[in-house]
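Remarks on the overall topology
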Amino acid sequence: MGRAVQKTMLEKKIVGVVVGSNDPEAHQKSFQEGEQVAKLIDDFGEFEACLIEIGKGPWLLHYDDSKATFDKEKFGTIIRRRRVKPDSVLILTKGKVGETGELQEYFDKMGVPFSGSGVEDTRQTFNKSECNQIFKSEGLPTVGSYLINNSKLATEDLFDKIEKVFGFPCIVKPNRGAGSKGITKVETKKE
């Protein structure tokens, strides 16, 4: 009986829960959320789960209360004399690390199914101006926007034009920012 149970455990597919951020606070939050998700996956019983921690520094794979450096070339690692290689990944990163399309491109290259949008869709939605243009071309409603490619272009004449076209208050957001970082509500032209 013990061998049958052990064999069944070894045949389960492994879901890699990808966590992390380049921002320390967001990294910690992502890690904690990932631990909760991995526990739910394990408790469900159909799959095994591991955490793949990414961000600044080497990637780490957490599995069975142990961790080891993740080998990106082999897409896995050895923990307790067992090769741990996720069959698919669930992306739960925070910030740019999972929003530029680079992470999705890596998983695509490795042939590993992943959650969320594909490489090109992720890249396009990361670029707010490009995404807005796609929405407009498809006839979808968008809020008015104006892209300033260079801070040298931010002149009084430009601010006058923005005031005439959009009025104040208005919202300023980095074109390639992640999440809500860098969003500012500008009440007047002077701001």
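Quick note: structure is the one above.
I will try to describe carefully the structure that is included in this document. Quantities reported herein were computed from a predicted structural model and do not represent experimental measurements.

So, how was this worked out
Residues numbered from 1 in each chain as written. Predicted model: local features only at pLDDT ≥ 70, side-chain atom pairs only at ≥ 80, totals over all residues. Heavy atoms only, no water. 1 Å grid on protein atoms, 1.4 Å probe; cavity = no way out; pocket = protein on both sides within 12 Å on 5 of 7 lines; lining within 4 Å. Points joined across faces, edges and corners; volume = space filled by probe spheres on them. Helix = DSSP H or I, 4+ residues; strand = E, 2+ residues; numbered from the N terminus. Core = buried A, V, L, I, M, F, W, Y, C linked by side-chain atoms within 4.5 Å. Buried < 20%, exposed > 50% of the residue type's maximum accessible area, 1.4 Å probe, protein only. Contact = heavy atoms within 4.5 Å.

Here we take up the layout of surface pockets. In this structure, the largest pocket encloses a volume near 870 Å³. If you trace the largest pocket, you find 28 residues lining it, with Ser 145, Tyr 146, Ile 171, Val 172 and Lys 173 closest to the centre. Secondary structure elements with two or more residues in the lining of the largest pocket: α5 (128-137), α6 (156-165) and β8 (170-172). With seven residues, α5 is the single largest residue contributor to the lining of the largest pocket.

Moving on to the nonpolar core. Counting residues in each nonpolar core, the largest one holds 21 residues, and the members touching the most others are Ile 52, Leu 61, Val 89 and Phe 107. Those elements giving two or more residues to this core turn out to be β1 (14-21), β2 (48-55), β3 (60-63), β7 (88-91) and α3 (102-110). Excluding residues within four positions of it along the chain, Phe 107 makes contact with Val 18, Phe 75, Val 89, Ile 91, Val 112 and Phe 114. The next biggest cluster of nonpolar side chains, apart from the first, holds eight residues, and it includes Val 15, Val 17, Ala 49 and Leu 51.

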